[in-house]
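Single-letter residue listing:
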Amino acid sequence: TIMDDGTDFNFTSLSTNSSSAAATTTSSSEKYLYKALNLLKGDVARTRFALAGDPDRYSYNSVLDAAAKCSKPSEEGRDDHNTALITKSCLRGMKERGIQPDVLTYNARIRGALASNGDEAAIRLIDELISDPNLEPDRYTLNFLLSPFMRAGRCEEVWSLLREFYDKHSRGEGSNKINHSMVSSAFEAFLNTIVQETGEVDFAHEIFQSFFLPLPPKPARRTNNQRMHVSKIVHVTSDDQPLLQQQSSGADGDSKTNLPSASSRVGPVRNRPIPSTRHFNILFAGYSKAYLSAFSRLGKFHSSTVKTSDLPSDLNKYVTNNTRSDNMTHRTTTIIEKVCALLDAMLDIGVPLDGFTVTSLMALPSTPENVTSLLERIEPEMMVDLNAAAYRSIITAYGKVGDPSSACWMFKEMIQSRGNQAKNAESWNVLFGALSKGCVTGDNINCDKDKALDILNSSAARSQRNMLSLSNEESIMNQVISHVNGKNCLDASMALLDIMRNGTILPEGFSIPKPNSQSYCLVASALSGYGTTFEPDSSRALRLFRNATAEGVAADGRFLNAVLRCFGDDVEGALAAWKSDIGPAAAAQEGRSRGGGKTRPGTNLMAAYNGLMHVCGRAIRPDAATRIAYAMNKANVEPTEVTLNSYFAGKRVTMDGKDDNVIATKKNLRLENQYESLLSVECMKYNTKDKRQSKDRKIRIILSN
């Protein structure tokens, strides 16, 4: 190490002596940092590199910044000792040479403190910088302070600092396009930090409103026939009544939707920079994440109604039976209102939409009509054609709201519009995902799994015909869509998979990609979903698995999980398939490379075992599930809470609408509760890495004769 007496760090000794403690705790990046630090010591700069002077502030700041980038949270198994030591050595060297720290020095130290989970240390450095009359925080300092200040409840100081920065660079003397561009770029970073690191999207929205959006919004300069208001996007309650009925903006620009008002904390703002597409996209992404999170905590995604029995039991203390649905509706409707108003402001100002805008917005609609209305609203405003990512988000949205026919139509549009960009397997997998959603009635009440696809009369197809004034006969159907039109979702999935396996060449000029593991996984999911109310076709699922194996497709754990779910409540059949085919395939794929890196040990087997647990739940066989948990331990795969949840998810499918005692008698399981308790104990062992168990008390039991 670097000693306080100034002696050099012995890098050669560290590199060659693998048994030393330093070698086991020092990363390769830190070793190079030590070498860089040695170059700053003594007269190395003059003697080794023939430089005229000693290292300056820039030299030390470079090492400090590199050390900050290498800083790691102390909870990863060790204290961040090495980078802290390098930082102290740099500061000591600067002090010995009489070099005063500047804002870049502070920024590097603040960044390192935040990376080491040191909010208090970071705030102390920020306060020290702000109180220094010779230094002024820059845009990077402000970006660093946002998260710790907001977590510490110092939001008023955030407003004040942002206003000072804005006044200096946007309204002061010499304000020009270059300054406006810098301010716009800086606020992009500010908004992104607030949304991504703190989740306070409303706070970010208010900042954006205060500094960038004109008040009131400029009136639309288009006729009502040319422009549809965002009020078409409504969220429907269980009574099918629209909750959001906004009025169309008239010529005077009056609108009943109000964006957050400009905060009185910043006062009047003039000479506002023009907001960018990225500003809006950051907020749209934040609201979309908040919207999905609200549904995820309540156990339902994109559903217009929620049954009382579907809500998690831990929410009972927050809402009553009569207010659960109202509470969910209020939260999601508030988000939709803000997104609608923000989108209206974006289009009124004339800020162009891009593919990311569409992707974020498509997370919000809750019915096929909502998705189509949103498309009709934004597509004419697009400055560029929809890219492949935007098309994929639209297809996914139609799948989630239970309109696989419209999803197929948009897939056809993507093939015709994007061509080569739509030829990868990932684009086809999005359609498989939409079709698999259509096979599970429980995921979306709008979906009828046995209903044949009517692509030409789908909501998306009718909308395009109206926009282009085409008749039904003039609508174009390509080769892929013609193969699935008239089939139900499951048969359509199988037909598409066969087309991909055969390597068909489309008239559009590109060959259809070969299916990958995710393709087979989604088709198996469609098959398993179809088996929730009908007799599952396990033989068909095994044939699907064997076809994938014969074609060299990796036996991904999620694919195996879906295949096992196709066995329904046939525990014996699933166990036989596990022993003969699925288990060996899952074990053979352990530790395989995926996405540029290797998966964690046990990941593949864990996903496959969870499929077995789901089958046990369908059969209400906690005894078999407990034996599987023991087998997992023997295979060095520790069962977890996810394993337990897989069992209960399968059980819920069987128990839906049925009496517990009737099923227990039918299954001849008098010890069901006892076995489930034992299974819970086996799957909920104390885990030091689980933060939820950090406050649990550990008891040591000592046995003696």
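Q: Account for the overall build of the chain, with residues named and values stated.
A: Looking only at helices and strands, the chain has 31 helices and 2 strands in total. Residue pairs in contact within the chain that sit at least 24 positions apart in sequence constitute 71% of those at least 6 positions apart. When the accessible surface of the chain is summed, it comes to about 35400 Å², and 49% of that surface belongs to carbon and sulfur atoms.

Q: Any chance you could break down helix H12 (residues 201-211) for me, citing the residues and the numbers?
A: Counting buried positions along H12 gives 10 out of 11 residues, so the element sits mostly inside the fold. Every buried residue of H12 is listed here: Val 201, Phe 203, Ala 204, His 205, Glu 206, Ile 207, Phe 208, Gln 209, Ser 210 and Phe 211.

Q: I'd like to hear about a nonpolar patch on the surface, residue by residue, with values.
A: Residues Tyr 630, Tyr 675 and Leu 678 make up a contiguous nonpolar surface patch of about 250 Å² in total accessible area. With respect to the element layout, Tyr 630 can be found in helix H28 (residues 622-634). Look at Tyr 630 and you get partly exposed, because its relative accessible area is 37%.

Q: Tell me about the side chain of Ser 406, and please be specific about residues and values.
A: Here Ser 406 is to be found in helix H18 (residues 404-418). Within the structure, the side chain of Ser 406 is placed 2.5 Å from the side chain of Asp 403, a separation counted as a polar contact. Once residues within four sequence positions are removed from consideration, Ser 406 is found in contact with Tyr 398, Ser 458, Ser 459 and Ala 460.

Q: Give a detailed account of the packing of helix H24 (residues 538-550) against helix H25 (residues 557-565), specifying residues and quantitative values.
A: A pair of packed helices is captured by two measures, namely the crossing angle of their axes and the spacing between those axes. In the contact formed by H24 and H25, the axes pass within 9 Å of each other and the chain directions differ by 155°. By the criterion of interaxial angle, the relationship of H24 to H25 is roughly antiparallel. The way H24 lies across H25 gives a crossing that is left-handed. Where H24 approaches H25, its residues Ala 541, Leu 544, Phe 545 and Ala 548 are matched on the opposing element by Phe 559, Leu 560 and Val 563. Here the contact of H24 with H25 is composed, by residue class, of 7 nonpolar, no polar and no charged.

Q: Tell me about the state of the cysteines, residues and numbers included.
A: Such a bond, covalent and formed between the sulfur atoms of two cysteines, is termed a disulfide. Counted under the stated rule, the structure contains 0 disulfides. You can see Cys 439 has no disulfide; the closest cysteine sulfur is in Cys 489, sitting 5.1 Å from it.

Q: Please set out the pattern of salt bridges residue by residue, giving values where relevant.
A: Summed over the entire model, instances satisfying the criterion amount to 20 salt bridges. One salt bridge in this structure joins Asp 581 and Arg 546, with 2.8 Å as the shortest N-O distance. Within this pair, whereas Asp 581 is found in helix H26 (residues 571-588), its partner Arg 546 is found in helix H24, the two being separated by 35 residues in sequence. On the accessibility criterion, Arg 546 (44% relative accessible area) is partly exposed.

Q: Explain the side chain of Glu 188 to me, and be specific about the residues and the numbers.
A: On the secondary structure map, Glu 188 appears in helix H11 (residues 177-198). What makes Glu 188 buried here is its relative accessible area of 18%.

Q: Explain the packing of aromatic side chains to me, and be specific about the residues and the numbers.
A: Each pair of aromatic rings is reported with the distance of its centres and the angle of its planes. What the rule picks out here adds up to 17 aromatic pairs. Relative to Phe 190, the ring of Phe 187 lies with its centre 5.2 Å away and its plane at 70°, an arrangement referred to as edge-to-face. Separated by 3 residues within a single helix, Phe 187 and Phe 190 lie in helix H11, roughly one turn from each other. By relative accessible area, which is 1% here, Phe 187 ends up buried. A ring pair is formed by Phe 208 and Phe 212, whose centres lie 5.7 Å apart and whose planes are at 25°; its orientation type is stacked. An identical accessibility class is assigned to Phe 208 and Phe 212; each is buried. The rings of Trp 159, Phe 165, Tyr 166, Phe 187, Phe 190, Phe 203, Phe 208, Phe 211, Phe 212, Phe 280 and Phe 284 are connected pair by pair, giving a single aromatic cluster. Across the ring face of Phe 149, the terminal group of Arg 154 is positioned such that the distance to the ring centre comes to 4.0 Å. Sitting above the plane of the Trp 409 ring, Lys 412 keeps its charged end 3.6 Å from the centroid.

Q: Just give me the short version of the confidence of the model for the chain, but keep the residues and values in it.
A: Model confidence for the chain is summarised by a mean pLDDT of 75, while 66% of its residues fall at 70 or above. When the elements of the chain are averaged for pLDDT, helix H1 (residues 11-16) gives the smallest value, 38, and helix H9 (residues 139-151) the largest, 93. Per-residue pLDDT stays below 50 along residues 1-24; that stretch engages in 30 contacts with residues further than four places along the chain or on separate chains. Scored below 50 in pLDDT, residues 471-475 shows 8 contacts in the model against residues more than four places distant or in partner chains.

Q: Tell me what's going on with the environment of Thr 193, and back it up with residues and numbers.
A: Here Thr 193 is to be found in helix H11. With 11 residues separating them along the chain, Thr 193 and Ala 204 place their C-alpha atoms 9.1 Å apart. Discounting chain neighbours no more than four positions away, the residues touching Thr 193 are Asn 143, Leu 146, Ser 147 and Thr 198.

The rules behind the values
- Residues numbered from 1 in each chain as written.
- Predicted model: local features only at pLDDT ≥ 70, side-chain atom pairs only at ≥ 80, totals over all residues.
- Heavy atoms only, no water.
- Helix = DSSP H or I, 4+ residues; strand = E, 2+ residues; numbered from the N terminus.
- Contact = heavy atoms within 4.5 Å.
- Areas by Shrake-Rupley, 256 points an atom, 1.4 Å probe, with all protein chains shown as cover.
- Buried < 20%, exposed > 50% of the residue type's maximum accessible area, 1.4 Å probe, protein only.
- Patch = residues over 30% accessible without salt bridge, like charges linked within 9 Å, V, L, I, M, F, W, Y side chains within 5 Å.
- Salt bridge = Lys/Arg side-chain N within 4 Å of Asp/Glu carboxyl O.
- Polar contact = N/O pair within 3.5 Å; in protein donor to acceptor, adjacent residues only side chain to side chain.
- Axes fitted to C-alpha atoms, helices over the stretch in contact; angles between N-to-C directions.
- Parallel < 35°, antiparallel > 145°, perpendicular 65-115°, else oblique.
- Left-handed = near helix turned anticlockwise from the far one by under 90°.
- Nonpolar A, V, L, I, M, F, W, Y, C, P; charged D, E, K, R; others polar.
- Disulfide = S-S within 2.5 Å.
- Phe/Tyr/Trp six-rings, centres within 6.5 Å; stacked < 30°, edge-to-face > 60°.
- Lys NZ or Arg CZ within 6 Å of the ring centre and 35° of its normal.
- pLDDT = per-residue confidence, 0-100.

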